[in-house]
Every structure is written in structure tokens, then in C-alpha cells.
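# Architecture and fold: a report
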Amino acid sequence: MRLIIRRLLITFFLMLIGLIAVILYRAATISPPDIDVEVAEITPVDSAKVIDRFSRGLQFPTVSPQDPEDFEPEVFRSFISFLEEEYTLMHERLEREIINDYSLLFTWEGTEPDKDPVLLIGHYDVVPVEPQTEGDWTYPAWEGTVAEGFLWGRGAIDDKSGVFSILEATERLLDEGYQPERTIMFGFGHDEEIGGLEGARRIAQTLQERDIQLKYLVDEGMPIAEQIMEGIDSPVAMLGVAEKGYLSLRLRARQEGGHSSMPPNETSISILSDAISNIRQNPMDGEFSDLLRQTFRPITPELPFAERLVLSNIWLFSGLIESQFSNIPYINAALRTTFVPTIFDSGIKENVIPASASAIINFRIHPMDDVEKVKNHVRDKVNDDRVVIEEMPRARNPSPVTDIESGQYDLMAQSVQEVFEDMPVAPIFFLAATDSRHFHDITDHVFRFRPIRATPADRTRIHGTDERIGVNNYLEMIQFQIRLIKNST
Ligand SMILES: [Zn+2]
């Protein structure tokens, strides 16, 4: 008997040692995906000229206001005229269509027009500057100031740098007589910040009516992330290959009201609170998906040993990783469908029990779920007939996930690395929404990416105060667009 136990113990220890050896080996040998891209020669551009043009472009307050009454058509028209005056080659040699009065569609016909075209899109509308914050800007929001190595102003990041870098790249290539093999199209929307229904969606409909299928589409989205994690020095180009869906549900509980001196056991408010608490205690399942594995793959070798040990052995530690990451809001948002109550409404007087209580809960739907699945989950967890659940307008399913094994993904990565030497490229979910969602019927290959260098501290500048982009970074963006166009053969 003792002999058997001894043998079992020895076997167990040998297995344990073997397991530890495997874990350590994987941590020690994990390597980033091969980068075998040579840096491309820089295409010289007239820096002073392109910076001045961008600065002037930032001076147009092309604001998408919350209230359509406040829309200022003449600003948008004069912006379009400004582009006509500045980008003369583009307007001479490409076909330009004005879609729905203010959005623009350019077509640069290739020498092989039978090939599926590429579409690069962006939006030139911007969010307003909150009136009380105007004085907080280091340089005024609408002057396009060039100072301290940056271009300052509303739209400097989102998304005029995208639009202008595309315009500059095209104008530059036309100037040298370049002609693409494959037809390249450019779409610039005028209402992305309020949903893109009048701009990008109309551009997409126009292309669909012409039976156009795209080879791929590039829109704004994820940046080049700097200082993403402690221990990672290298910036990482984050290619957004999917975006989350959107849903708001109104939960309403009704129960007899009355005088607050004789409260019943349950009231509309308590019923509603229980419902929300049930949802809170039962979040939707998270998943350390294949895509998230791919996200971490290029950066894992650079991590400190403990983190590297865990992330290079996801097969063993996925539970641990999920529970740790669930506490970090932006990673949790990439793991699962998230939800948060955003509006509460009940009661009119302090001594009256309200007969009705309602709350709106906002969901951001992970690509592994959809609107129906979320609604069923909520119904199931609330499990109370006294709570009526109602879907609010503007729900949409998550986008499809772009295949990262495709040639299109490689082409994006190559274009990045030709400009940014040896920079790791990682696929990732985009957590907000872009105009690209209107184009899913005409392409399976959508990338949401701008090569904008962004640190975590820069996050508040987007839609916030002191929006700015590095002057050199803007020049890099132009080079990237040039590479992208040239590689789209
Ligand atoms: Zn934007």
C-alpha cells in the first residue's frame, strides 16, 4: 500500500514539475509575430504648406449640434469651397459627388477598374465646445494654433486629421503623376457625431445602388497607443476590427402608491431596485476571446515576467485573467457586454409613495452577443412580471469581426510598419461607434484606425478640452495614407 502511495506521489510531482517547466518555457520563449517589413522611403511633402492648410481647416466650426435647429449650413458650404480651392488636383482629376448637400464622395479611377475599389472614409463634422469650458483651452478651440509642437483645436484628433491626411496624401500623389491600379474612393461624412444617418449612411446607400463591393474600408477608430501598460515601452498600433453594439432598455415597475406613513412591503421603487440589482449580480458572460489573445500576442513578450508568465499560458490561466481583467473597466468592456443604468425616474413628493418607477439601462453589446440575446438575458434575470421592459430607439447589433487572417489585415499592418519601424500591430475591438457601421453590406473588411499617437492622458482631449495632435504625428499620418493608397493594388 505504502509503495503505491509513494509511486502516486512521485508521479504527481513529476507531472507538476513537467507542468511548471511547460509554463516557464512558454513564458521564456513567447515571441511577437514576425515583422518583416522594411521602412518605406519618406515621400517628401511641403510640411509648412500642409500644416498651414490643416490649421485653416480647423478654423471652420463644422459643428454637429445636438439640436438640428442649430445646424449652420453656410459653415459646411464654405468648408467644402475651402477644399475646392486648396486641393485643386483632387478636384480636377477625381470625380467628386456631393451626397445629400454636405457629404463628399471622391472616386479616383484605377487603371484596372474591374477590381473591387478601396474606400477610405472620415468625417469633417465635430462636436461643439461646451460654452463653460472655452476659457479652459490652452489655445483657442477654433483658431488652429500651431504651438509647442502641436496643432490645437476642435477636430485636431476627431476626425479632421483623418480627413486632411487623406486629402494631403492624394494631392501629393496626384502631383507626382501617380495613378492607382485599383480604384480608390474617399468618403467624408458631415454628421458622424450625431449618427451619420444623413452622411455616411447615404454614401453607403449610393455605393450599394451601384452594386459596388469594397476590397476593404478604413475609418477612424483606434490609435497608436503609447504607455498602454506598465513595462511596455513600445507604442502599439491598434487596428480596430470590430465595434460593439448598442442598446438601451427602459425598465418600468408599477405598484399601487399611497401615503408614506403606511408603506406596503413592496413599492414600485423597491421592485425596480431589485430588478436592477438582479441584473447587476448576473453580468453577461465574458470571454477571453481568440481576438483578445491576438490583441495581447504582440505585446506579451515585452511584459514583466509575472504578467508574461500568465499571458503566455492563457490555456491555463484564462479564469484568473478574466477575473483580474473584469476589474479594469476598459478591458472588462472588451471581455463582455457591459451595462450601466443611466437615467432614474420616480417620485414627485417626499411623503407620497410613487405608483411608478422607471430606469434606463444602457448596454454595449459584445460581438459574441446580440440585441435579442441581451433582452432575453435581462428578462430572465429580472424574472418579475411587474417590471415592463421596453426597447428604446437606436438599438443596433455589434459589427461583424474582420478576419485578421485576410490579406487586407496584412496590408494594413504593412502600411503601418512601413512608416513606423517595427511597431507591433494588434487587432482589437473598438468600444465606441463609427460611421463604418453603415458599410457592412458592401464589405466584410473594415478597419477602424488612425495612426494618432495617444497616451492614456490624451483620452480626455477627444470631445474635450485641449484637443490637439503632434505636428510630426500629423506628417506621419500623411505618410501612412500614402503607403495605404500605394499598397492597395
Ligand atoms: Zn469621430
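Structure's up top.
The text that follows walks through the structure, step by step, so that each part is easy to find. (Residues numbered from 1 in each chain as written. Predicted model: local features only at pLDDT ≥ 70, side-chain atom pairs only at ≥ 80, totals over all residues. Heavy atoms only, no water.)

## Points about the coordination of the zinc ion
The zinc ion binds to the protein through H123 (NE2), D158 (OD), E220 (OE) and E220 (OE), with metal-donor distances spanning 1.9 to 2.6 Å. Here the zinc ion is ringed by four donor atoms whose angles at the metal span 53 to 144°, and the overall shape comes out irregular. Within one chain, the residues serving as donors to the zinc ion are arranged as H-x34-D-x61-E. In this pair, H123 sits in strand β3 (residues 118–123) while D158 sits in the loop between β5 (150–152) and α5 (160–175), placing the two residues 35 residues apart along the sequence. For H123, a relative accessible area of 0% gives the class buried. (Donors = N, O, S within 2.8 Å, 3.2 Å for Na, K, Ca; no water. Tetrahedral: all angles 85-135°; square planar, octahedral: opposite > 155°, others 65-115°. Helix = DSSP H or I, 4+ residues; strand = E, 2+ residues; numbered from the N terminus. Buried < 20%, exposed > 50% of the residue type's maximum accessible area, 1.4 Å probe, protein only.)

## Description of the packing of aromatic side chains
Scanning the model with the defined rule gives 21 aromatic pairs in all. Plain terms: the ring middles of W108 and Y178 are 6.1 Å apart, the flat faces sit at 75° to each other, and that makes the pair edge-to-face. Taken together, the residues span a long stretch of sequence, with W108 in strand β2 (residues 103–108) and Y178 in the loop between α5 and β6 (184–189) at a distance of 70 residues. In this structure, W108 and Y178 share a single accessibility class: buried. Relative to F447, the ring of Y409 lies with its centre 6.3 Å away and its plane at 50°, an arrangement referred to as tilted. Of this pair, Y409 sits in helix α13 (residues 407–419) while F447 sits in strand β16 (residues 446–454), placing them 38 residues apart in sequence. Using a relative accessible area of 0% as the deciding quantity, one classes F447 as buried. What links up through ring pairs into an aromatic cluster is the set F54, F60, F71, F76, F79, F82, Y87, Y102, Y124, F164 and Y474. For R468, the ring lying beneath its charged end belongs to F150, and the centroid distance is 3.7 Å. (Phe/Tyr/Trp six-rings, centres within 6.5 Å; stacked < 30°, edge-to-face > 60°. Lys NZ or Arg CZ within 6 Å of the ring centre and 35° of its normal.)

## A word on the pattern of salt bridges
Applying the stated criterion across every chain yields a total of 25 salt bridges. Close ionic contact of E181 with K115 constitutes a salt bridge, the shortest N to O distance being 3.3 Å. A residue pair is termed long-range when its members are at least 10 positions apart, and E181 in the loop between α5 and β6 and K115 in the loop between β2 and β3 qualify at 66 residues. You can call E181 partly exposed: its relative accessible area is 31%. Between R483 and E418 there is a salt bridge, and its shortest N-O distance comes to 2.7 Å. (Salt bridge = Lys/Arg side-chain N within 4 Å of Asp/Glu carboxyl O.)

Read these as layout, nothing more, since geometry by itself doesn't imply function.
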